[in-house]
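Descriptive structure summary
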Amino acid sequence: MIDSLLARLAEIAETEFADVVITSEINMGKLRLYINDESFLEVWFSKRLEGRYAYHWERRHVDDTIYRWDNAKHEVWKNVKTFPYHFHDGKDEKVSESSLPEAPVTH
């Protein structure tokens with residue numbers, strides 16, 4: 001089910017955002033979208049732990065930034081109001097509350 005969802009997301013991205021998305025690949029349960037500024041986006045939904053997810057925009061090689069929404073229960077972020085849901089804002093160590101819904105839509 002998750003692989004078919006990732007394939008559908010890839011199709012939508014490549015069609016609706018063809019001016020930005022160069023190509024996509026699904027590998028090891030992650031959808032990676034290659035962006036025309038040489039960055040990439042990754043979408044991951046856990047196959048083992050229901051409700052676990054990560055959305056990651058990798059830009060370190062472009063301008064040394066990353067942006068990631070995830071719900072990994074890292075103890076270091078336990079004081080974030082929306083824990084375990086959190087947002088990495090430019091750097092792995094710069095974390096704030098997540099504005100995304102608690103559960104990703106996977107259907």
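Position numbers for residues start from 1 in each chain and track the written sequence from start to end. Local features are withheld for residues below a pLDDT of 70 in this predicted model, meaning they are given only at 70 or higher, and side-chain atom pairs are given and counted only at 80 or more; totals for whole chains, interfaces and linings count all residues. Processing note: side-chain calculations cover all non-hydrogen atoms of the structure and skip hydrogens and water entirely.

1. Notes on the overall build of the chain
To be explicit about the condition: Under the scheme used here, helices are H or I runs from DSSP no shorter than 4 residues and strands are E runs no shorter than 2 residues, and both carry numbers assigned from the N terminus. Each radius of gyration reported is based on C-alpha atoms, and the globular scaling rule is 2.2 Å times the count of residues to the power 0.38. Note on classification: 1.4 Å probe, protein chains only; a residue is buried when its accessible area is under 20% of the maximum for its type, exposed when over 50%, partly exposed between these limits. Note that His is not counted, nor are the chain ends; the positive residues are Lys and Arg, and the negative ones are Asp and Glu. Lys charges are placed at NZ, Arg charges at CZ, Asp charges at CG and Glu charges at CD.
For the chain, the helix and strand inventory stands at two helices and seven strands. For the chain, whose C-alpha radius of gyration is 14 Å, the value lies close to the compact-globule estimate of 13 Å for 107 residues. For the chain, the spread of C-alpha atoms along the principal axes amounts to about 40 × 35 × 20 Å. With 107 residues in all, the chain has 36% of them scored as buried. Both charge centroids of the chain, one from 14 positive and one from 20 negative side chains, sit 7 Å from each other.

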